[in-house]
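# Geometric and topological summary
Chain by chain, the residues:
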Amino acid sequence: CHIVNQFNEGLYDIIIASDENLLMDPKTKPLDPEKKKDKKRKKKDKEYGVSRGIDFQNVSNVINFDFPCDVDTYIHRVGRTARGDNQGSALSFVSVKDMDLLVEVEKTLSESGTEEDSVFKPYNFKMDEIDGFRYRAKDAMRMVTKTAIREARLKEIKQEMLASNKLKTYFEDNPRDLQVLRHDKSLHTVKVQKHLKNVPDYLVPQTLRHMRGMSDKPGKSKARRKNMAPKGPTKAEIKYKKRKADPLRSFESAGLVGGGKKKKKS
């Protein structure tokens, strides 16, 4: 809830959520007699099923990287965008194993709506325009391991504990626990790949170049980048100034105080 509130306040532009298990209706799942007590305990917890009550605001786009597990989950996710008179879109990635779910969702939404056309529209784009990102995508996916995910989640939990107002009093009474939590080291270090930080111009598709102020002609864009580059001393000028400032390398000194002109050593 804290992160969602920060998103609503405009602190984040993108939020990645994984709420599939929380959104499933407990009534549709077979209940184990031994777990009935746990179910009653969870109902008393105010934060149980909190994902249903989260109010996302000003959401322009929803991307379902994993297709929702049922119709209700799809409606819940997509309903976060285009609220009221606002515009929005929902993009879903559908694999072969998800085709049955896609048909089920489309059938349900078609029955409830008045449109005769399909509620889903294919997202058309040129595959060759994004083919240059193939190796970058593989490098990024290679880093998403179970260990990395676990460590990332543990880091988030630690940050939530440190920022929790409820635990502030506890940490004041137990400063040792706060010190251990702050200095707890991660078990797994993810190697940062610097080449994924920025997208070079040659990878940007032609249809998106205008959004970055790029020209289709390589000469113009190169000249623009050259003009926009900050002007300053070159490496040769810096090296020359350092050499002149060092009397042992320039063989020049100011001489004695009040000596007047500089004297050249032989």
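Residue numbering note: each chain is counted from 1, following its sequence as written. Reporting of local features is limited, given that this is a predicted model, to residues whose pLDDT is at least 70; pairs of side-chain atoms are given and counted only at 80 or more, and all residues count toward the totals for whole chains, interfaces and linings. Side-chain figures throughout are based on the complete set of non-hydrogen atoms in the structure, without hydrogens or water.

Going by what an unreviewed UniProt entry lists, the protein chain is known as RNA helicase and is assigned to Magallana gigas. UniProt positions are given in the numbering used here, feature names are shortened, and annotations may be inferred rather than shown by experiment. The UniProt entry for the protein chain carries the following comment under Catalytic activity (unreviewed entry): "ATP + H2O = ADP + phosphate + H(+)".

## Quick look at the packing of aromatic side chains
Each aromatic ring pair is characterised by the separation of its centres together with the angle its planes make. Under the pairing criterion, centres of Phe, Tyr and Trp rings, with the six-membered ring standing for Trp, must be within 6.5 Å; the plane angle then separates stacked pairs below 30 degrees from edge-to-face pairs above 60, leaving the rest tilted. Taken as a whole, this structure holds six aromatic pairs when the rule is applied. Consider the rings of tyrosine 74 and phenylalanine 120, whose centres lie 5.6 Å apart with planes at 70 degrees: the pair is edge-to-face. Here tyrosine 74 is found in helix H5 (residues 71–78), whereas its partner phenylalanine 120 is found in the loop between helix H6 (99–112) and helix H7 (134–143), with 46 residues between them in sequence. Relative accessibility under 20% of the residue-type maximum defines a buried residue, over 50% an exposed one, and the middle range a partly exposed one, all with a 1.4 Å probe and only protein chains included. The class for tyrosine 74 is buried, based on a relative accessible area of 7%. With a relative accessible area of 21%, phenylalanine 120 lands in the partly exposed category. Clustering of aromatic rings is evident, with ring pairs tying together Phe67, Tyr74 and Phe120. Strands here mean DSSP runs of E at least two residues long; helices mean DSSP runs of H or I at least four residues long; both are numbered from the N terminus.

## Observations regarding the pattern of salt bridges
A pairing counts as a salt bridge when a side-chain nitrogen of Lys or Arg comes within 4 Å of a carboxyl oxygen of Asp or Glu. The final tally for this structure, using the stated rule, is four salt bridges. Salt-bridge contacts for arginine 142 lead to aspartate 139; the nearest nitrogen and oxygen are separated by 2.8 Å. Of this pair, arginine 142 and aspartate 139 are both found in helix H7, three residues apart, which corresponds to roughly one turn of the helix. We classify arginine 142 as exposed; its relative accessible area is 55%.

## Let's talk about unusual backbone geometry
With a phi close to 55 degrees, asparagine 58 is a non-glycine residue in the positive phi region. On the secondary structure map, asparagine 58 appears in the loop between helix H4 (50–53) and strand E1 (61–64). The exposure class assigned to asparagine 58 is exposed, which follows from its relative accessible area of 63%. Located in the positive-phi region is alanine 82, a residue other than glycine, with phi close to 55 degrees. Within the fold, alanine 82 resides in the loop between H5 and strand E2 (89–92).

## Some remarks on the side chain of threonine 73
Summarising the element assignment, threonine 73 is placed in helix H5. Polar side-chain contacts of threonine 73 include one of 2.5 Å to the side chain of aspartate 70. The term polar contact refers here to a pair of N or O atoms within 3.5 Å; inside protein, the definition further demands a hydrogen-donor-capable atom paired with an acceptor-capable atom, and it admits residues adjacent in sequence only when both atoms are side-chain atoms.

## Overview of the pairing of E1
The two faces of E1 differ: Val62 and Asn64 on one face are buried, but Asn61 and Ile63 on the other face are not. Relative to E2, E1 runs parallel, the two being bridged by four bridges. Looking at E2, one finds that isoleucine 63 is bridged to leucine 91. This β-α-β element, E1 to H5 to E2, shows right-handed connectivity. Only strands joined by at least two bridges in the DSSP assignment are considered to pair. Convention used here: a crossover is right-handed provided that the path from the first strand, over the helix, to the second strand proceeds clockwise when the strands point away from the viewer.

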